[in-house]
Amino acid sequence: MAEELLGTYGSPLYVYDSDILNQTIAHITKSFKYPETRFYFATVTNGNIALLKVFKNAHWGLHANTPGDIYLGLSAGFAPDSIIYSGTNLNREEIEQVLSWGVTTLNLDSLAQVQLLCEVCSSLKNTAGKGKNLNTFSRLNQLDIGLRLNVGGESRIGVRLQDFNTAIAIAKNVGLEISGLHFYRGTGTNATKAFTDAIDEVLVAAQNLPHWKYIDFGGGFGYPYNHQGIAFDWELFGGEIIQRISNLDRTIKLIIEPGRAAIASCGTLLAKVVSVKWQDNKQILGVDSTVGNIAVPSVYGGYREIISWKNHSPKYITDICGNTTYSRDYLGKNCQLPSLEMGDIIGILDVGAYGYAMSSHFLHRPKPGEVLLENSQHRLIRNREDYSVLLTNQIW
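A brief structural summary.

The rules behind the values
- Residues numbered from 1 in each chain as written.
- Predicted model: local features only at pLDDT ≥ 70, side-chain atom pairs only at ≥ 80, totals over all residues.
- Heavy atoms only, no water.
- Helix = DSSP H or I, 4+ residues; strand = E, 2+ residues; numbered from the N terminus.
- Buried < 20%, exposed > 50% of the residue type's maximum accessible area, 1.4 Å probe, protein only.
- Arc of directions from axis to C-beta.
- Contact = heavy atoms within 4.5 Å.
- Phe/Tyr/Trp six-rings, centres within 6.5 Å; stacked < 30°, edge-to-face > 60°.
- Lys NZ or Arg CZ within 6 Å of the ring centre and 35° of its normal.
- Lys, Arg positive; Asp, Glu negative; His and termini not counted.
- Salt bridge = Lys/Arg side-chain N within 4 Å of Asp/Glu carboxyl O.
- Polar contact = N/O pair within 3.5 Å; in protein donor to acceptor, adjacent residues only side chain to side chain.

Further remarks concern the environment of Lys53. Here Lys53 lies in helix 3 (residues 49-57). In the structure, Lys53 is positioned 22 residues away from Ser75 in sequence and 9.8 Å away in space, judged by C-alpha atoms.

Spelled out as structure tokens, the structure:
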């Protein structure tokens, strides 16, 4: 299959398996046996429209970290009320844009953002009185405003508990309510205990909101790129948070925002070997891709599992190097692979999250294409770039 795909679409190539993606979505969904649970995919990890539609067909919503995320979600057919914005540091024009798109749930991370949203809403009310922005104004009464909880005091994200009353007062001043609380543990946390240990603290904090309607136990769920490592236990987490919520004196909505945990495993980056050399017993493979096509180590921990379709023995310690002269252009180091030849194919696994989404034109290499496997067929879902993309928007 790998040879057929590269023969059809060229190399390198991102390949996504819809069966794996749907299985992961189903596993996460079934781990929360609470009727008021809603799932929102964090599109910051992968914004391909064809993949977003897989989540839409599974009845998930979309979590947006930026206005660009919202734009992609709307383009994929998500209704505005199925998109939640949980981000940081929007300017006035961006807040106006988000509201004009019809998004009605916004989790804000500072008193300044609450103040700015309220100023925009007040302005919309004034212009509505003059017959302008009537559609946007009509949705203001549907707004659900949440606070992103600052955990530990040192995170740059979130509102501190002691500032809740100020945020509530700012909103009340323009006739709005703070009705939700968003918890963000941090990027790529695999330890289930890091989330379960925070449940009680988050629920206690939420009860300081007099109009509390939802808890957004948001993103940051990790993925074990090293398959021998710790994996997040969705069933354990789902069971524990539902047990706590069920003991509350009110019915609230539970929102879960998986990103990489939902989509990482379905993606593989295929590349061809274009050079082989040996340093004693160490194999150095040059491939026709670059580190610019996979996420930086700070995002995925510096490890990717890499496979070949040659399974003969013995295996050798192998470095996989990209097609630039950048000294750190390693797609993998100290891998165990058999001796390979020019034209052989390698697969870099688990690139569904922060693969294409963080790919770049570093050293002026165009980006690969993307292909989706579904129903025993394959189809192109993003064209391969050519060199003309390097001139886009340039003026000379």
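What follows concerns helix 10 (residues 199-206). Of the residues making up helix 10, those classed as buried are Ile199, Val202, Leu203, Ala205 and Ala206. End-on, the buried residues of helix 10 take up no more than an arc of 160°, which puts them together on one face. Residues of helix 10 that are buried make contact with helix 8 (164-172), strand 7 (178-183), helix 9 (192-196), strand 8 (214-217) and helix 11 (234-246).

What follows covers the packing of aromatic side chains. By the definition in use, this model includes 22 aromatic pairs. Residues Phe55 and Trp60 carry aromatic rings whose centres are separated by 5.5 Å and whose planes lie at 45° to one another, so their mutual orientation is tilted. Using a relative accessible area of 0% as the deciding quantity, one classes Phe55 as buried. The class for Trp60 is buried, based on a relative accessible area of 4%. Centre to centre, the rings of Phe217 and Phe237 are 5.4 Å apart; their planes meet at 55°, and the pair counts as tilted. Note that Phe217 is positioned in strand 8 and Phe237 in helix 11, a separation of 20 residues in sequence. Phe237 carries the same exposure label as Phe217, and that label is buried. The structure contains a cluster of three or more aromatic residues connected by ring pairs, namely Phe32, Phe39, Phe41, Phe55, Trp60, Phe183, Phe195, Phe217, Phe221, Phe232, Trp234 and Phe237. The ring of Tyr184 is capped by Arg148, whose NZ or CZ atom sits 5.6 Å from the centre of that ring. Above the ring of Tyr330, the side-chain terminus of Lys333 is found at 4.4 Å from the ring centroid.

Relative to the helices and strands, Asp109 resides in the loop between strand 5 (105-108) and helix 6 (111-128). Here Asp109 is buried and forms no salt bridge, its nearest opposite-charge partner Arg156 lying at an N-O distance of 5.1 Å. Only 2.9 Å separates the side chain of Asp109 from the side chain of Thr88, close enough to count as a polar contact. With near-sequence residues (within four places) excluded, Asp109 lies in contact with Gly87, Thr88, Asn89, Arg148, Arg156, Ile157, Gly158 and Val159.

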